[in-house]
Amino acid sequence: MIKYRIVITCMCFTIAAVLPVYGQQQKENSLGILWSKVAGYYPGIGAKQSAVDASKLHERAVKSEMLPQLKAQMQNSYGTYEGSSGAFFPQPGFFNVSGSGSPIAGSSTSANSFASTTMEWEIFSFGKRQKDNEAAKSLTHKTLSEKEAYLLQLKKILSERYINLLYNDAKLNLSQRNTERLDSIRGITTGLSVAGLRPAADSLLASSSYVQAMGEYDKWNGVKSASFIKLLELYGADSVDFSASAIRFIDPLGNQQNNGSIIQASHPILEALDRESEYYTLSGEAQKRASLPSLNILGGYAYRGTGIQPNGTVSGNWKDGFSNTTNNFLVGIGITWNLTSIRTNHYKGEQFFKEAEGAKLLHSQYEKAMQANLSAAQTEILHQFEQLQKTKLAVRQSQDAYCMYLARYKSGLITLSELLQVRTLLEQSENIHVQASRDYWLLLASEAALTADFEFLFNNL
(Lines give C-alpha, C1' and ligand atoms only; values in the text may rest on other atoms or scores of the structure.)
Protein backbone atom coordinates (compact mmCIF):
# COMPACT_ATOMS: atom_id res chain seq x y z
CA MET A 1 0.00 0.00 0.00
CA ILE A 2 2.84 2.33 0.87
CA LYS A 3 4.58 1.56 -2.43
CA TYR A 4 1.35 2.29 -4.29
CA ARG A 5 1.08 5.73 -2.67
CA ILE A 6 4.71 6.47 -3.50
CA VAL A 7 4.11 5.62 -7.17
CA ILE A 8 1.01 7.84 -7.32
CA THR A 9 2.91 10.71 -5.70
CA CYS A 10 5.78 10.42 -8.18
CA MET A 11 3.36 10.41 -11.10
CA CYS A 12 1.70 13.59 -9.83
CA PHE A 13 5.03 15.36 -9.52
CA THR A 14 6.01 14.20 -13.01
CA ILE A 15 2.79 15.51 -14.53
CA ALA A 16 3.18 18.80 -12.68
CA ALA A 17 6.70 19.18 -14.04
CA VAL A 18 5.72 18.31 -17.61
CA LEU A 19 2.69 20.60 -17.89
CA PRO A 20 4.63 23.91 -17.69
CA VAL A 21 7.06 22.68 -20.34
CA TYR A 22 4.20 21.64 -22.56
CA GLY A 23 2.56 25.00 -22.04
CA GLN A 24 5.68 26.75 -23.27
CA GLN A 25 5.69 24.88 -26.55
CA GLN A 26 4.56 26.71 -29.67
CA LYS A 27 0.83 26.81 -30.20
CA GLU A 28 -0.69 25.26 -33.26
CA ASN A 29 -1.25 27.67 -36.16
CA SER A 30 1.03 30.23 -34.51
CA LEU A 31 3.60 32.51 -36.07
CA GLY A 32 6.36 30.19 -34.80
CA ILE A 33 4.93 27.25 -36.75
CA LEU A 34 4.72 29.44 -39.84
CA TRP A 35 8.37 30.47 -39.43
CA SER A 36 9.52 26.85 -39.32
CA LYS A 37 7.90 26.36 -42.73
CA VAL A 38 9.33 29.59 -44.13
CA ALA A 39 12.82 28.58 -42.95
CA GLY A 40 12.59 25.37 -44.96
CA TYR A 41 11.26 27.02 -48.13
CA TYR A 42 12.45 30.57 -48.72
CA PRO A 43 15.16 30.72 -51.44
CA GLY A 44 16.96 33.63 -49.81
CA ILE A 45 18.02 31.38 -46.93
CA GLY A 46 19.45 28.90 -49.42
CA ALA A 47 21.38 31.72 -51.10
CA LYS A 48 22.98 32.69 -47.79
CA GLN A 49 23.83 29.06 -47.09
CA SER A 50 25.45 28.82 -50.53
CA ALA A 51 27.60 31.83 -49.63
CA VAL A 52 28.65 30.07 -46.42
CA ASP A 53 29.51 26.89 -48.34
CA ALA A 54 31.49 28.93 -50.89
CA SER A 55 33.52 30.60 -48.14
CA LYS A 56 34.29 27.19 -46.62
CA LEU A 57 35.51 25.94 -49.99
CA HIS A 58 37.61 29.10 -50.33
CA GLU A 59 39.12 28.38 -46.92
CA ARG A 60 40.06 24.87 -48.03
CA ALA A 61 41.50 26.22 -51.29
CA VAL A 62 43.72 28.67 -49.41
CA LYS A 63 44.97 25.87 -47.17
CA SER A 64 45.75 23.71 -50.20
CA GLU A 65 48.13 26.39 -51.48
CA MET A 66 50.53 25.33 -48.74
CA LEU A 67 50.98 21.97 -50.46
CA PRO A 68 53.85 21.42 -52.94
CA GLN A 69 53.02 22.72 -56.40
CA LEU A 70 53.53 19.85 -58.86
CA LYS A 71 53.52 20.66 -62.58
CA ALA A 72 53.93 18.39 -65.61
CA GLN A 73 54.17 18.93 -69.34
CA MET A 74 54.52 16.78 -72.45
CA GLN A 75 55.02 17.92 -76.03
CA ASN A 76 55.94 16.61 -79.44
CA SER A 77 57.15 19.05 -82.09
CA TYR A 78 58.50 19.01 -85.60
CA GLY A 79 60.71 21.80 -86.91
CA THR A 80 64.17 23.12 -87.59
CA TYR A 81 67.12 22.74 -85.28
CA GLU A 82 69.39 25.64 -86.14
CA GLY A 83 71.34 27.06 -83.28
CA SER A 84 73.58 30.03 -82.66
CA SER A 85 76.17 30.87 -80.11
CA GLY A 86 75.68 33.67 -77.65
CA ALA A 87 73.63 34.48 -74.57
CA PHE A 88 70.31 36.15 -73.79
CA PHE A 89 67.97 36.79 -70.87
CA PRO A 90 65.23 34.15 -70.96
CA GLN A 91 61.63 35.20 -70.33
CA PRO A 92 59.01 33.05 -68.55
CA GLY A 93 58.03 30.24 -70.90
CA PHE A 94 61.20 30.45 -73.04
CA PHE A 95 64.52 28.63 -72.83
CA ASN A 96 67.86 28.86 -74.68
CA VAL A 97 68.89 26.48 -77.47
CA SER A 98 72.53 26.47 -78.53
CA GLY A 99 74.30 24.35 -81.09
CA SER A 100 77.06 24.18 -83.66
CA GLY A 101 76.89 26.36 -86.69
CA SER A 102 78.51 23.67 -88.94
CA PRO A 103 76.26 21.86 -91.43
CA ILE A 104 74.72 18.58 -90.33
CA ALA A 105 74.05 15.76 -92.75
CA GLY A 106 70.54 14.58 -93.43
CA SER A 107 67.16 16.30 -93.29
CA SER A 108 66.77 20.01 -92.58
CA THR A 109 63.99 19.28 -90.10
CA SER A 110 63.60 16.77 -87.31
CA ALA A 111 61.02 15.57 -84.78
CA ASN A 112 61.47 16.17 -81.06
CA SER A 113 59.75 14.86 -77.95
CA PHE A 114 59.93 16.31 -74.48
CA ALA A 115 58.32 15.67 -71.11
CA SER A 116 59.08 17.16 -67.73
CA THR A 117 57.72 17.54 -64.24
CA THR A 118 58.67 20.11 -61.66
CA MET A 119 57.93 20.51 -57.97
CA GLU A 120 58.05 23.74 -56.02
CA TRP A 121 57.36 23.80 -52.27
CA GLU A 122 57.27 27.00 -50.33
CA ILE A 123 58.74 25.98 -46.98
CA PHE A 124 58.96 29.42 -45.40
CA SER A 125 56.91 32.52 -46.26
CA PHE A 126 57.43 34.77 -43.23
CA GLY A 127 53.82 34.26 -42.06
CA LYS A 128 52.11 35.05 -45.38
CA ARG A 129 50.32 31.71 -45.65
CA GLN A 130 49.27 31.80 -42.02
CA LYS A 131 47.67 35.21 -42.44
CA ASP A 132 45.97 34.08 -45.64
CA ASN A 133 44.49 31.11 -43.77
CA GLU A 134 43.33 33.32 -40.91
CA ALA A 135 41.70 35.73 -43.35
CA ALA A 136 39.95 32.86 -45.16
CA LYS A 137 38.69 31.46 -41.84
CA SER A 138 37.50 34.91 -40.83
CA LEU A 139 35.63 35.19 -44.14
CA THR A 140 33.76 31.99 -43.28
CA HIS A 141 32.80 33.42 -39.88
CA LYS A 142 31.72 36.63 -41.62
CA THR A 143 29.38 34.85 -44.01
CA LEU A 144 27.94 32.79 -41.13
CA SER A 145 27.18 35.92 -39.11
CA GLU A 146 25.68 37.60 -42.20
CA LYS A 147 23.40 34.60 -42.61
CA GLU A 148 22.25 34.91 -38.97
CA ALA A 149 21.61 38.63 -39.47
CA TYR A 150 19.61 37.83 -42.61
CA LEU A 151 17.52 35.24 -40.75
CA LEU A 152 16.79 37.80 -38.04
CA GLN A 153 15.70 40.35 -40.61
CA LEU A 154 13.58 37.72 -42.36
CA LYS A 155 11.86 36.91 -39.07
CA LYS A 156 10.97 40.57 -38.67
CA ILE A 157 9.67 40.80 -42.24
CA LEU A 158 7.54 37.68 -41.72
CA SER A 159 6.19 39.04 -38.43
CA GLU A 160 5.27 42.40 -39.96
CA ARG A 161 3.54 40.81 -42.96
CA TYR A 162 1.66 38.43 -40.69
CA ILE A 163 0.59 41.27 -38.39
CA ASN A 164 -0.57 43.32 -41.39
CA LEU A 165 -2.61 40.36 -42.62
CA LEU A 166 -4.24 39.97 -39.21
CA TYR A 167 -4.89 43.72 -39.08
CA ASN A 168 -6.50 43.79 -42.52
CA ASP A 169 -8.56 40.72 -41.62
CA ALA A 170 -9.75 42.44 -38.43
CA LYS A 171 -10.63 45.58 -40.41
CA LEU A 172 -12.55 43.45 -42.90
CA ASN A 173 -14.50 41.83 -40.06
CA LEU A 174 -15.25 45.25 -38.58
CA SER A 175 -16.46 46.43 -41.97
CA GLN A 176 -18.68 43.35 -42.25
CA ARG A 177 -20.21 43.91 -38.82
CA ASN A 178 -20.75 47.56 -39.63
CA THR A 179 -22.47 46.59 -42.88
CA GLU A 180 -24.71 44.16 -41.02
CA ARG A 181 -25.64 46.84 -38.47
CA LEU A 182 -26.56 49.31 -41.22
CA ASP A 183 -28.48 46.61 -43.05
CA SER A 184 -30.45 45.95 -39.88
CA ILE A 185 -31.10 49.68 -39.44
CA ARG A 186 -32.14 49.93 -43.09
CA GLY A 187 -34.63 47.10 -42.65
CA ILE A 188 -36.10 48.63 -39.50
CA THR A 189 -36.31 52.08 -41.08
CA THR A 190 -38.01 50.71 -44.19
CA GLY A 191 -40.63 48.97 -42.08
CA LEU A 192 -41.28 52.10 -40.02
CA SER A 193 -41.50 54.23 -43.18
CA VAL A 194 -44.00 51.85 -44.76
CA ALA A 195 -46.06 52.00 -41.55
CA GLY A 196 -45.96 55.79 -41.70
CA LEU A 197 -44.07 56.08 -38.43
CA ARG A 198 -40.93 57.47 -40.04
CA PRO A 199 -40.42 59.77 -43.02
CA ALA A 200 -39.27 58.31 -46.34
CA ALA A 201 -36.08 60.36 -46.05
CA ASP A 202 -34.97 58.12 -43.17
CA SER A 203 -35.19 55.10 -45.45
CA LEU A 204 -33.03 56.83 -48.08
CA LEU A 205 -30.48 57.91 -45.47
CA ALA A 206 -30.22 54.41 -44.03
CA SER A 207 -29.88 52.92 -47.52
CA SER A 208 -27.14 55.42 -48.41
CA SER A 209 -25.17 54.55 -45.27
CA TYR A 210 -25.54 50.85 -46.04
CA VAL A 211 -24.25 51.23 -49.62
CA GLN A 212 -21.30 53.25 -48.38
CA ALA A 213 -20.48 50.52 -45.86
CA MET A 214 -20.60 47.91 -48.63
CA GLY A 215 -18.03 49.92 -50.58
CA GLU A 216 -15.77 50.07 -47.52
CA TYR A 217 -16.10 46.30 -47.18
CA ASP A 218 -14.96 45.82 -50.79
CA LYS A 219 -11.95 48.01 -50.12
CA TRP A 220 -10.76 46.02 -47.12
CA ASN A 221 -11.44 42.76 -48.91
CA GLY A 222 -8.93 43.81 -51.57
CA VAL A 223 -6.39 45.04 -49.02
CA LYS A 224 -6.58 41.75 -47.14
CA SER A 225 -6.08 39.75 -50.34
CA ALA A 226 -3.03 41.83 -51.21
CA SER A 227 -1.45 41.30 -47.78
CA PHE A 228 -2.21 37.58 -48.06
CA ILE A 229 -0.33 37.40 -51.37
CA LYS A 230 2.70 39.12 -49.81
CA LEU A 231 2.71 36.60 -46.97
CA LEU A 232 2.51 33.66 -49.37
CA GLU A 233 5.67 34.95 -51.10
CA LEU A 234 7.56 33.95 -47.93
CA TYR A 235 5.49 30.91 -47.11
CA GLY A 236 5.29 29.23 -50.49
CA ALA A 237 1.91 27.54 -49.95
CA ASP A 238 -1.62 28.25 -51.15
CA SER A 239 -3.26 28.89 -47.77
CA VAL A 240 -2.49 29.87 -44.19
CA ASP A 241 -4.69 29.08 -41.21
CA PHE A 242 -4.54 32.21 -39.03
CA SER A 243 -7.91 31.87 -37.28
CA ALA A 244 -6.33 31.26 -33.86
CA SER A 245 -3.85 34.10 -34.36
CA ALA A 246 -6.70 36.45 -35.29
CA ILE A 247 -8.21 35.96 -31.84
CA ARG A 248 -4.89 36.52 -30.08
CA PHE A 249 -4.29 39.60 -32.27
CA ILE A 250 -7.36 41.39 -30.94
CA ASP A 251 -6.85 40.33 -27.32
CA PRO A 252 -3.02 40.23 -26.83
CA LEU A 253 -1.09 39.29 -23.73
CA GLY A 254 1.30 41.66 -22.01
CA ASN A 255 5.01 41.09 -22.59
CA GLN A 256 7.07 41.87 -19.50
CA GLN A 257 10.00 39.53 -20.07
CA ASN A 258 12.39 41.90 -21.86
CA ASN A 259 11.80 45.15 -20.02
CA GLY A 260 15.04 46.94 -19.22
CA SER A 261 17.17 44.63 -21.36
CA ILE A 262 20.23 45.85 -23.22
CA ILE A 263 21.62 45.11 -26.65
CA GLN A 264 23.84 42.03 -26.45
CA ALA A 265 27.28 42.02 -28.05
CA SER A 266 26.32 38.70 -29.68
CA HIS A 267 23.46 40.32 -31.62
CA PRO A 268 23.69 39.02 -35.23
CA ILE A 269 23.97 42.50 -36.75
CA LEU A 270 26.74 43.56 -34.37
CA GLU A 271 28.40 40.17 -34.73
CA ALA A 272 28.41 40.59 -38.52
CA LEU A 273 30.11 43.98 -38.19
CA ASP A 274 32.69 42.50 -35.80
CA ARG A 275 33.46 39.71 -38.23
CA GLU A 276 33.68 42.16 -41.10
CA SER A 277 36.19 44.29 -39.19
CA GLU A 278 38.20 41.18 -38.28
CA TYR A 279 38.22 40.01 -41.88
CA TYR A 280 39.48 43.35 -43.22
CA THR A 281 42.15 43.53 -40.52
CA LEU A 282 43.49 40.07 -41.31
CA SER A 283 43.31 40.75 -45.04
CA GLY A 284 45.36 43.92 -44.53
CA GLU A 285 47.99 42.04 -42.55
CA ALA A 286 48.12 39.31 -45.20
CA GLN A 287 48.45 41.94 -47.93
CA LYS A 288 51.40 43.59 -46.21
CA ARG A 289 53.14 40.27 -45.64
CA ALA A 290 52.75 39.46 -49.32
CA SER A 291 55.69 41.83 -49.89
CA LEU A 292 58.04 39.53 -47.95
CA PRO A 293 60.23 36.95 -49.74
CA SER A 294 59.50 33.24 -50.05
CA LEU A 295 61.90 30.34 -49.53
CA ASN A 296 61.23 27.39 -51.85
CA ILE A 297 62.54 23.88 -52.43
CA LEU A 298 62.82 23.12 -56.14
CA GLY A 299 62.93 19.78 -57.92
CA GLY A 300 62.48 18.57 -61.48
CA TYR A 301 62.87 15.73 -63.96
CA ALA A 302 63.07 15.98 -67.78
CA TYR A 303 63.00 13.51 -70.64
CA ARG A 304 64.00 14.46 -74.18
CA GLY A 305 64.20 12.62 -77.50
CA THR A 306 65.41 13.86 -80.90
CA GLY A 307 65.87 12.66 -84.46
CA ILE A 308 69.45 13.96 -84.56
CA GLN A 309 71.99 11.14 -84.20
CA PRO A 310 75.18 11.59 -82.12
CA ASN A 311 77.25 11.63 -85.33
CA GLY A 312 75.26 14.60 -86.64
CA THR A 313 72.98 12.73 -89.04
CA VAL A 314 69.43 14.10 -89.01
CA SER A 315 66.30 12.01 -89.57
CA GLY A 316 63.06 13.69 -90.65
CA ASN A 317 60.89 10.70 -89.65
CA TRP A 318 58.38 11.35 -86.87
CA LYS A 319 59.09 8.08 -85.04
CA ASP A 320 62.80 8.93 -84.79
CA GLY A 321 61.85 11.90 -82.62
CA PHE A 322 61.66 9.47 -79.71
CA SER A 323 65.25 8.23 -80.26
CA ASN A 324 68.52 9.49 -78.79
CA THR A 325 66.86 10.12 -75.41
CA THR A 326 68.34 12.04 -72.52
CA ASN A 327 67.13 12.16 -68.91
CA ASN A 328 67.95 14.95 -66.48
CA PHE A 329 66.93 15.92 -62.96
CA LEU A 330 67.57 18.86 -60.70
CA VAL A 331 67.10 19.78 -57.03
CA GLY A 332 67.74 23.05 -55.32
CA ILE A 333 66.59 25.79 -53.01
CA GLY A 334 65.66 29.29 -54.00
CA ILE A 335 64.36 32.56 -52.60
CA THR A 336 61.89 34.79 -54.41
CA TRP A 337 61.28 38.44 -53.54
CA ASN A 338 59.22 40.85 -55.60
CA LEU A 339 60.74 44.14 -54.49
CA THR A 340 58.42 46.26 -56.62
CA SER A 341 55.34 45.01 -54.79
CA ILE A 342 56.50 46.33 -51.40
CA ARG A 343 54.99 49.78 -51.90
CA THR A 344 51.90 48.51 -53.73
CA ASN A 345 51.05 45.94 -51.08
CA HIS A 346 51.60 48.55 -48.39
CA TYR A 347 48.87 50.75 -49.86
CA LYS A 348 46.55 47.78 -50.36
CA GLY A 349 47.08 46.76 -46.74
CA GLU A 350 46.32 50.28 -45.51
CA GLN A 351 43.13 50.19 -47.60
CA PHE A 352 41.96 47.05 -45.78
CA PHE A 353 42.81 48.63 -42.42
CA LYS A 354 40.63 51.63 -43.27
CA GLU A 355 37.79 49.29 -44.18
CA ALA A 356 38.22 47.59 -40.80
CA GLU A 357 38.19 50.96 -39.05
CA GLY A 358 34.96 51.89 -40.83
CA ALA A 359 33.33 48.62 -39.77
CA LYS A 360 34.28 49.29 -36.13
CA LEU A 361 32.78 52.78 -36.28
CA LEU A 362 29.60 51.37 -37.82
CA HIS A 363 29.47 48.83 -34.98
CA SER A 364 29.60 51.63 -32.41
CA GLN A 365 26.96 53.64 -34.28
CA TYR A 366 24.61 50.67 -34.67
CA GLU A 367 25.00 49.65 -31.03
CA LYS A 368 24.05 53.09 -29.72
CA ALA A 369 21.15 53.47 -32.15
CA MET A 370 19.81 49.99 -31.40
CA GLN A 371 20.00 50.56 -27.64
CA ALA A 372 18.10 53.83 -27.98
CA ASN A 373 15.47 52.19 -30.20
CA LEU A 374 15.11 49.29 -27.76
CA SER A 375 14.58 51.57 -24.76
CA ALA A 376 12.08 53.65 -26.72
CA ALA A 377 10.21 50.57 -27.95
CA GLN A 378 9.96 49.02 -24.48
CA THR A 379 8.64 52.27 -23.02
CA GLU A 380 6.09 52.57 -25.80
CA ILE A 381 5.04 48.93 -25.42
CA LEU A 382 4.06 49.47 -21.78
CA HIS A 383 1.87 52.46 -22.62
CA GLN A 384 0.51 50.79 -25.74
CA PHE A 385 -0.68 47.83 -23.68
CA GLU A 386 -2.39 50.22 -21.25
CA GLN A 387 -4.14 51.83 -24.21
CA LEU A 388 -5.30 48.39 -25.36
CA GLN A 389 -6.96 47.72 -22.02
CA LYS A 390 -8.80 51.01 -22.22
CA THR A 391 -9.85 50.66 -25.86
CA LYS A 392 -11.11 47.14 -25.10
CA LEU A 393 -13.30 48.53 -22.33
CA ALA A 394 -14.43 51.38 -24.59
CA VAL A 395 -15.51 48.93 -27.31
CA ARG A 396 -17.56 46.89 -24.84
CA GLN A 397 -19.29 49.99 -23.46
CA SER A 398 -19.94 51.34 -26.98
CA GLN A 399 -21.52 48.04 -28.02
CA ASP A 400 -23.82 48.06 -24.98
CA ALA A 401 -24.73 51.68 -25.63
CA TYR A 402 -25.52 50.94 -29.27
CA CYS A 403 -27.88 48.10 -28.31
CA MET A 404 -29.70 50.45 -25.91
CA TYR A 405 -30.03 53.23 -28.48
CA LEU A 406 -31.19 50.76 -31.13
CA ALA A 407 -34.00 49.68 -28.79
CA ARG A 408 -34.90 53.33 -28.19
CA TYR A 409 -34.99 53.93 -31.94
CA LYS A 410 -37.31 51.00 -32.47
CA SER A 411 -39.58 52.51 -29.82
CA GLY A 412 -39.54 55.87 -31.55
CA LEU A 413 -37.76 57.68 -28.72
CA ILE A 414 -34.79 58.90 -30.81
CA THR A 415 -34.27 59.86 -34.44
CA LEU A 416 -32.32 58.00 -37.11
CA SER A 417 -29.56 60.62 -37.15
CA GLU A 418 -28.99 60.09 -33.43
CA LEU A 419 -28.79 56.31 -33.89
CA LEU A 420 -26.36 56.66 -36.81
CA GLN A 421 -24.20 58.98 -34.71
CA VAL A 422 -24.04 56.36 -31.95
CA ARG A 423 -23.16 53.71 -34.55
CA THR A 424 -20.35 55.95 -35.85
CA LEU A 425 -18.94 56.26 -32.33
CA LEU A 426 -19.05 52.48 -31.98
CA GLU A 427 -17.24 52.07 -35.30
CA GLN A 428 -14.58 54.55 -34.24
CA SER A 429 -13.94 52.76 -30.94
CA GLU A 430 -13.63 49.40 -32.71
CA ASN A 431 -11.23 50.83 -35.30
CA ILE A 432 -9.11 52.47 -32.60
CA HIS A 433 -8.85 49.17 -30.75
CA VAL A 434 -7.79 47.28 -33.89
CA GLN A 435 -5.25 49.97 -34.75
CA ALA A 436 -3.88 49.87 -31.20
CA SER A 437 -3.55 46.08 -31.44
CA ARG A 438 -1.59 46.39 -34.67
CA ASP A 439 0.72 49.04 -33.22
CA TYR A 440 1.30 46.86 -30.15
CA TRP A 441 2.30 43.78 -32.14
CA LEU A 442 4.51 45.80 -34.49
CA LEU A 443 6.31 47.22 -31.47
CA LEU A 444 6.83 43.67 -30.17
CA ALA A 445 8.26 42.71 -33.57
CA SER A 446 10.70 45.63 -33.42
CA GLU A 447 11.69 44.71 -29.86
CA ALA A 448 12.21 41.07 -30.88
CA ALA A 449 14.49 42.12 -33.74
CA LEU A 450 16.52 44.38 -31.44
CA THR A 451 16.90 41.69 -28.77
CA ALA A 452 17.23 38.83 -31.32
CA ASP A 453 14.54 36.99 -29.34
CA PHE A 454 11.30 36.14 -31.18
CA GLU A 455 10.16 33.48 -28.68
CA PHE A 456 7.32 35.52 -27.14
CA LEU A 457 6.07 36.77 -30.50
CA PHE A 458 6.22 33.33 -32.15
CA ASN A 459 4.45 31.61 -29.24
CA ASN A 460 1.73 34.20 -28.62
CA LEU A 461 0.64 35.30 -32.10
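Residues numbered from 1 in each chain as written. Predicted model: local features only at pLDDT ≥ 70, side-chain atom pairs only at ≥ 80, totals over all residues. Heavy atoms only, no water.

## With respect to the overall build of the chain
And then number 1: Helices and strands together make up the secondary structure of the chain, namely 10 helices and 4 strands.
And then number 2: When its helices and strands are written in sequence order, the chain yields α-α-α-β-β-α-α-α-α-β-β-α-α-α.
And then number 3: Per-residue burial for the chain yields a buried fraction of 35% across its 461 residues.
And then number 4: Restricting to contacts in the chain with at least 6 residues of sequence separation, those with at least 24 account for 86%.
And then number 5: Summed over all atoms, the accessible surface of the chain reaches about 27,300 Å², with 58% contributed by carbon and sulfur. (Helix = DSSP H or I, 4+ residues; strand = E, 2+ residues; numbered from the N terminus. Buried < 20%, exposed > 50% of the residue type's maximum accessible area, 1.4 Å probe, protein only. Contact = heavy atoms within 4.5 Å. Areas by Shrake-Rupley, 256 points an atom, 1.4 Å probe, with all protein chains shown as cover.)

## Some words on helix α9 (residues 416-451)
And then number 1: In this model α9 runs 53 Å from its N-terminal to its C-terminal C-alpha over 36 residues, within 8% of the 52 Å that 1.5 Å per residue would give.
And then number 2: Positive phi appears at A452, one or two residues downstream of α9, with a value of about 60°. (Expected span 1.5 Å × (residues − 1).)

## Re the nonpolar core
And then number 1: The biggest cluster of nonpolar side chains holds 43 residues, and the ones touching the most others in it are L34, V38, Y162, F249 and L461.
And then number 2: Every element with two or more residues in this core is listed here: α2 (31-39), α4 (128-194), α5 (200-235), α8 (341-410), α9 and α10 (455-460).
And then number 3: Formed by 16 residues, the second largest nonpolar core is a distinct cluster that contains L182, Y210, A213 and L419. (Core = buried A, V, L, I, M, F, W, Y, C linked by side-chain atoms within 4.5 Å.)

## Structural notes on the layout of surface pockets
And then number 1: Taken as a whole, the second largest pocket holds about 360 Å³ of empty space.
And then number 2: Examining the composition of the lining of the second largest pocket, we find that 5 residues originate from one element, strand β3 (residues 294-306), more than from any other.
And then number 3: Each residue belonging to the lining of the second largest pocket can be placed in one class, and the counts come to 7 nonpolar, 7 polar and 2 charged. (1 Å grid on protein atoms, 1.4 Å probe; cavity = no way out; pocket = protein on both sides within 12 Å on 5 of 7 lines; lining within 4 Å. Points joined across faces, edges and corners; volume = space filled by probe spheres on them. Nonpolar A, V, L, I, M, F, W, Y, C, P; charged D, E, K, R; others polar.)

## Remarks on the side chain of S159
And then number 1: Along the polypeptide, S159 turns up in helix α4.
And then number 2: Assessed through its relative accessible area of 0%, S159 is described here as buried.
And then number 3: Here the side chain of S159 touches K155 through a polar contact of 2.8 Å, landing on its backbone oxygen.
And then number 4: Leave out the neighbours within four places in its chain, and S159 touches L31, A445, F454, L457 and F458. (Polar contact = N/O pair within 3.5 Å; in protein donor to acceptor, adjacent residues only side chain to side chain.)

## Topic: the environment of H346
And then number 1: If you trace the backbone, H346 turns up in helix α8.
And then number 2: Since its relative accessible area comes to 37%, H346 is described here as partly exposed.
And then number 3: Sequence separation of H346 and E285 is 61 residues, and the distance between their C-alpha atoms is 9.5 Å.

## Looking at the environment of I333
And then number 1: Relative to the elements of secondary structure, I333 occurs in strand β4 (residues 326-336).
And then number 2: Using a relative accessible area of 60% as the deciding quantity, one classes I333 as exposed.

## Some details on the packing of aromatic side chains
And then number 1: Taken as a whole and judged by the stated rule, the model has 8 aromatic pairs.
And then number 2: With a centroid separation of 6.4 Å and an interplanar angle of 25°, the aromatic rings of W35 and F458 are classed as stacked. On the criterion of sequence distance, the pair formed by W35 in helix α2 and F458 in helix α10 is long-range, its members being 423 residues apart. Each member of the pair W35 and F458 is classed as buried.
And then number 3: The positively charged end of R181 is found above the aromatic ring belonging to Y402, 5.9 Å away from the centroid. (Phe/Tyr/Trp six-rings, centres within 6.5 Å; stacked < 30°, edge-to-face > 60°. Lys NZ or Arg CZ within 6 Å of the ring centre and 35° of its normal.)

## Looking at the packing of α2 against α5
And then number 1: Interaxial distance between α2 and α5 falls to 8 Å at its minimum, and their mutual angle equals 55°. Judged by the inter-axis angle, α2 sits oblique to α5. Residues L34, K37 and V38 of α2 form the contact with α5, whose participating residues are L231, L234 and Y235.
And then number 2: Among the residues making up the contact of α2 with α5, the classes are represented as 5 nonpolar, no polar and 1 charged. (Axes fitted to C-alpha atoms, helices over the stretch in contact; angles between N-to-C directions. Parallel < 35°, antiparallel > 145°, perpendicular 65-115°, else oblique.)

## What about α8?
Residues separated by three or four positions in an α-helix point in the same direction, a consequence of the helix having 3.6 residues per turn.
And then number 1: Between its first and last C-alpha, α8 extends 95 Å over 70 residues, near the 104 Å set by a 1.5 Å rise per residue.
And then number 2: Following α8 by one or two positions, G412 has its phi on the positive side, about 80°.

## Focus: a nonpolar patch on the surface
And then number 1: Taken together, the side chains of W121, I123, F124, F126, L292, I297 and I333 define a hydrophobic patch exposed on the protein surface, amounting to about 620 Å² of accessible area.
And then number 2: Here F126 lies in the loop between β2 (110-124) and α4. (Patch = residues over 30% accessible without salt bridge, like charges linked within 9 Å, V, L, I, M, F, W, Y side chains within 5 Å. Salt bridge = Lys/Arg side-chain N within 4 Å of Asp/Glu carboxyl O.)

## Quick notes on the pattern of salt bridges
And then number 1: Tallied over the full model, the rule gives 15 salt bridges.
And then number 2: For the salt bridge of E146 with K142, the shortest nitrogen-to-oxygen distance reads 2.8 Å. Here E146 pairs with K142, and both are found in helix α4, just 4 residues apart, close to one helical turn.
And then number 3: With relative accessibility at 13%, the residue K142 sits in the buried group.

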